[in-house]
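Commentary on secondary and tertiary structure
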Amino acid sequence: MKIFFLFTFSTFLLSAFEQATASAHYDKILTHSRIRARDQGPNVCALQQVMGTKKKYFSTCRNWYQGAICGKKATVLYECCPGYMKMDGTRGCPAVAPIDHVYGTLGIVGATSTQQYSDISKLREEIEGRGSFTFFAPSNEAWEQLNSEIHRNLVDNVNIELYNALHHHMVNKRMLTKDLKNGMTLVSMYNDQKLLINHYPNGVVTVNCARIIHGNQIATNGVVHVIDRVLTAVGNTIQDFIEVEDDLSSLRAAAITSDVLDILGRPGHYTLFAPTNEAFERLPRGVLERIMGDKVASEALVKFHILNTLQCSEAITGGAVYETLEGNTVEVGCDGESLTVNGVKMVKRKDIVTSNGVIHLIDEVLIPDSAKQVIELGGAQQTTFTDLVAQLGLASSLRPEGQYTLLAPLNGAFSDDTLRMDQRLLKTILQNHIIKVKVGLNELYNGQELETIGGKLLRVFVYRTAVCIENSCMVRGSKEGRNGFIHIFRQIINPAEKTLHEMLRNDKRFSVFLSLVKAADLDDVLSRPGEWTLFVPTNDAFKGLTDDDKDILIRDKNALRNILLYHLTQGVFIGSGFEPGVTNILKTIQGGKLYLKTVNDTLLVNELKSRESDLMATNGVIHVIDKLLYPADLPVGNDQLLTILKKLIKYIQIKFVRDSTFKEIPLTFYKINIIESNVQPIIRKEEPIIKTYTKIIDGRPVEVTEKKVTEERIIQGPEIKYTRITAGGSDNEEKLKKLLEEEVTKVTKFIEGDGHLLEDEEIKRLLQGEAPVRRVQPTRRTQGGAARRRTRLAYS
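Residues numbered from 1 in each chain as written. Predicted model: local features only at pLDDT ≥ 70, side-chain atom pairs only at ≥ 80, totals over all residues. Heavy atoms only, no water.

Here's the deal with the sheet that holds strand β21 (residues 357-362)
Inclusion rule: The pairing criterion for strands is at least two bridges between them, as found by DSSP. Secondary structure is summarised from DSSP: a helix means a run of H or I of at least four residues, a strand means a run of E of at least two, and numbering begins at the N terminus for each.
Here four strands make up an open sheet; going across it, the order is β15-β14-β21-β20 and the pairing mixed. Edge positions in the sheet fall to β15 (306-307) and β20 (347-354), since each of these pairs with one other strand and no more. Summarising the sheet, β20 and β21 pair through five bridges and their orientation is antiparallel. Of the residues in β21, the one forming a bridge with Ile-352 is Ile-359.

What about the confidence of the model for the protein chain?
The predicted structure's coordinates, where accompanied by low pLDDT, should not be read in detail. Inclusion rule: Residue-level confidence of the predictor, termed pLDDT, takes values from 0 up to 100. The criterion used for residue contact is that any of the two residues' heavy atoms lie within 4.5 Å.
The share of residues in the protein chain with pLDDT of 70 or more is 81%, and the mean pLDDT across the chain is 84. Across residues 1-23, where pLDDT falls below 50, the model places 24 contacts with residues more than four positions away in sequence or in other chains. Low pLDDT (under 50) marks residues 739-796, which in the prediction has 94 contacts with non-local residues, meaning those over four places away or in another chain.

With respect to the state of the cysteines
We apply this condition: When two cysteine sulfur atoms are found within 2.5 Å, that pair is recorded as a disulfide. Using a 1.4 Å probe on the protein chains alone, a residue whose accessible area is under 20% of its type maximum counts as buried, one over 50% counts as exposed, and one in between counts as partly exposed.
With the rule as written, the count across this model stands at five disulfides. For Cys-70, the disulfide goes to Cys-334, at an S-S distance of 1.9 Å. The disulfide joining Cys-70 to Cys-334 has a torsion of about -90 degrees about its S-S bond and is therefore left-handed. Of this pair, Cys-70 sits in the loop between β3 (68-69) and β4 (72-80) while Cys-334 sits in strand β17 (residues 329-335), placing them 264 residues apart in sequence. Looking at Cys-70, the relative accessible area reads 9%, which means it is buried. Residue class for Cys-334 comes out buried when judged on its relative accessible area of 14%. There is a disulfide in this structure between Cys-209 and Cys-312, and the S-S distance comes to 2.0 Å. Torsion about the S-S bond of the Cys-209 and Cys-312 cystine: about -70 degrees, corresponding to left-handed handedness. Placement of Cys-209 in the loop between β11 (205-207) and β12 (210-219) and of Cys-312 in the loop between β15 and β16 (320-323) is noted, with a sequence separation of 103 residues between them. No difference in accessibility class separates Cys-209 from Cys-312, as the two residues are buried.

Observations regarding the nonpolar core
Spelled out, the test is: By nonpolar core is meant a set of buried Ala, Val, Leu, Ile, Met, Phe, Trp, Tyr and Cys residues that side-chain atoms within 4.5 Å join together.
If you look at the biggest cluster of nonpolar residues, it comprises 47 residues, and the most contacted ones within it are Leu-504, Phe-542, Ile-622 and Tyr-630. Broken down by secondary-structure element, the contributors of at least two residues to this core are α18 (500-505), α19 (511-519), β29 (532-537), α20 (547-555), α21 (557-565), β34 (608-617), β35 (620-625) and α22 (639-648). Here this core takes six residues from α19, the largest share from any one element. If near-sequence neighbours (up to four positions away) are discounted, Leu-504 is found in contact with Phe-510, Phe-513, Leu-514, Leu-526, Leu-534, Val-536 and Ile-622. Counting residues in each nonpolar core, the second largest holds 29 residues, with Ile-242, Ala-254, Phe-280 and Ala-371 among its members.

Focus: the pairing of strand β7 (residues 133-138)
Here β7 lies mainly inside the structure; six of its six residues are buried. By the bridge criterion, two bridges tie β7 to strand β8 (residues 170-171) in an arrangement that is antiparallel. The residue of β8 that forms the bridge with Phe-135 is Met-170.

A word on the packing of α20 against α21
The angle between the axes and the distance between the axes are what describe a pair of packed helices. The condition that has to hold: In this analysis an axis means a line fitted to C-alpha atoms, helices contributing only their contacting stretch, and an angle means the value between N-to-C directions, from 0 to 180 degrees. If an angle is under 35 degrees, it is roughly parallel; if it is over 145, roughly antiparallel; if it lies from 65 to 115, roughly perpendicular; otherwise it is oblique. Lys, Arg, Asp and Glu make up the charged group, whereas Ala, Val, Leu, Ile, Met, Phe, Trp, Tyr, Cys and Pro make up the nonpolar group; the residues left over, Gly among them, are polar.
Two elements in contact, α20 and α21, have axes whose closest approach is 5 Å; the angle formed by their N-to-C orientations is 95 degrees. Our classification of the angle between α20 and α21 gives roughly perpendicular. Contacts between α20 and α21 involve Leu-553, Ile-554 and Arg-555 from the former and Lys-557, Leu-560 and Ile-563 from the latter. The class makeup of the residues in the contact of α20 with α21 is four nonpolar, no polar and two charged.

Some remarks on the sheet that holds strand β23 (residues 434-435)
As summarised here, the arrangement of the seven strands in space is β23-β22-β28-β27-β26-β25-β24, forming an open sheet in which the pairing is mixed. Sheet topology places β23 and β24 (449-451) at the edges, where each strand pairs with a single neighbour. Pairing analysis gives three bridges linking strand β25 (residues 457-462) to strand β26 (residues 467-469), with the strands arranged antiparallel. Across the sheet, the residue bridging to Val-460 is Ile-469, located in β26.

Thoughts on unusual backbone geometry
Located in the positive-phi region is Glu-470, a residue other than glycine, with phi close to 55 degrees. By secondary structure assignment, the location of Glu-470 is in the loop between β26 and β27 (472-481). Of note, the phi angle at Asn-600 is positive, near 55 degrees, even though the residue is not glycine. By the element assignment, Asn-600 lies in the loop between β32 (593-599) and β33 (602-605).

Quick notes on the packing of aromatic side chains
This is how the line gets drawn: Centre distance within 6.5 Å is the pairing criterion for rings of Phe, Tyr and Trp, where only the six-membered ring of Trp is used; planes under 30 degrees apart are then read as stacked, over 60 as edge-to-face, and the remainder as tilted. Here, over-ring charges are defined by two tests on the NZ atom of lysine or the CZ atom of arginine: distance to the ring centre within 6 Å, and angle to the ring normal within 35 degrees.
Scanning all chains against the criterion turns up four aromatic pairs. Taking the centre distance of 4.7 Å and the plane angle of 70 degrees together, the rings of Tyr-117 and Trp-143 count as edge-to-face. Of the two residues, Tyr-117 is situated in helix α5 (residues 112-120) and Trp-143 in helix α7 (residues 140-145); the sequence distance between them amounts to 26 residues. Across the pair, exposure class does not vary: Tyr-117 and Trp-143 are buried alike. Judged by centre distance (6.3 Å) and plane angle (10 degrees), the rings of Phe-573 and Phe-578 are stacked. In this pair, the class of Phe-573 matches that of Phe-578, namely buried. Among the aromatic residues, ring-to-ring pairing joins Tyr-463, Phe-573 and Phe-578 into one connected group. Its end group placed over the ring of Tyr-57, Arg-211 keeps NZ or CZ at 3.9 Å from the ring centre.

Some details on the pairing of strand β13 (residues 222-227)
Most of β13 sits inside the fold, with six of its six residues counted as buried. With six bridges connecting them, β7 and β13 associate as parallel partners. By the bridge assignment, Thr-134 is partnered in β13 with Val-223. Bridge count for β12 against β13 is five bridges, and the pairing is antiparallel. Along β13, the bridge assignment pairs Ile-212 with Ile-227. The hairpin turn running from β12 into β13, its antiparallel successor, is two residues long.

Right, dumping it as structure tokens:
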């Protein structure tokens, strides 16, 4: 009868346990293990054992399908699930394991060393008797791995030290794994010492960072969980540990300087990756001194080593990303028995448990981007750029207190020809990649202009899936440092120097196209300010065109303009700014549509390959093609013109509709705005100030009278005309007028002369952008001022 009762009671408890599996990670993982082993019979669980060790895990799906734990190959084992046992002659584990008191259960789960120590320390009577206990029982291997001196002291003093140590592993109530919540603190049966519970999503449950390797073995008076190490008493806070640990004096100094040390004394669940003194000594002295002398940087440095979650080493079975108190993330993983941080083995000592977290000692200092100088942000793919910046003396100009943005091309962007350039030219190129201000990715907008330290203005183009500056587009990897941002670019940035017209004129490949542009009266369009994308056919596109053919084209100006303006679209469109493989439709000035896409880094225009793309001009961009473009839906009504076009265009069928004509395209798509400003200078004088005093000249006293005259001239400028081209007619006239009025105001400034006032002709030259006749002292000039003050001294 007694046996039947015990069997029924154990079955009830196991049933209750199984109903709770949905509420605990450990139990969910255990359920998956049973499913994986269902072919082996009832109540069999599949485990993974790390090869070469005795470490076994109920695995997550990720570890299971990788066939590895912590990067080490794992073999599959099939064992009876907790609470079940085998029967002779049957498959699987059909029988329920016998139930006994806690002392007897220690033998059932194989924790025979803990059972033996319970016997000799006189704990046996207690755990055989009445009560409800949870015993976190160290495995036999755990006792073997215990520090030999500690182990010897416990065994030598069984009635006090060993008895107390075993009580430290016990809680005075039954706690199944489903009851062990993450972040929970239990009170042990020894001196109310704390037991810190962590229950991780991968099913790992730890007690003071010791992993439960066999859980939920029910006893008549409690439950036994086998753990993989002997528990040690929890110390004070992380702050307390840092303050007394000699090997962390450098970290202590940094934490005090940055006011972070107090945070580690507060209640919480922290993980501290604590660099040792040796780790700090490895840092370049200049870097360490700079960070320690900058409170913001030192605070970022220390907080970058702190997680706001408690991560015991035994809970880490693969890489995972965690946010630090600094705000950025680190990847914590494992490689066999070693912990890794950002993929590097650096942990010297694991799992120093405190009342508010855990400490892992590391032998490298982790420096976050926010504590680095902008030049230090370059990664392995930008070393050519950062090395050149240092070698050519530009790194020293990036002051720690300044604000900069580096536009760093990938290593592959620097050709051998570029690297062999004269160093002065190379330095100029690099200066064009350093912006005077700190600009983040989310601060960039289309049409923005950024000034480089070399004085160049770079244009920003924002597309649906790309951000480009001049001819080069960004790739992922932007970072923010202490004094600036770094953005990564595919190519070297080439600032525009010439207009579209000047570029065509200076390149003999485009001479035929340019002559047609001139004949169509369109060369002015390509010379004026604006934002255009021009698809330019080379002379090869006009092979077979005779002088007579050309004359026929030129005589029909409407036809010529329709053809040429089909090559021009408003807006600047960089080839690498297009989403790869996706067709982009652009409306041309002629009215037809161009179909563009990039395939294998090659720009296709109406399926024709661009032979050279992204040639930047001050008023747009050129893409070179070797065929003349023509809108497929535009009919030709003239036999002669049809014959000419068929000579040049063979990739499409040109429509012929007799007597159809080309529409007239007036040059109203851009407009010359003239705004006149007719203002006069105003001169205002103040009352003279007269001072009399005695001065010694040649040893004799002489009375001197000084007359101080202050004269103020407000320069508003003579009559001046401004010319600017805007696309789309007169919509922008009011905006342009306001802008030009602001420009007139900017001309008004302080001018410090050398004894004379500027005359009207000189003022006019200044307003028109010409250099004044008299030399201006640049260090004493301010822009935007409305007046000029000059003081003359006259002696009498």
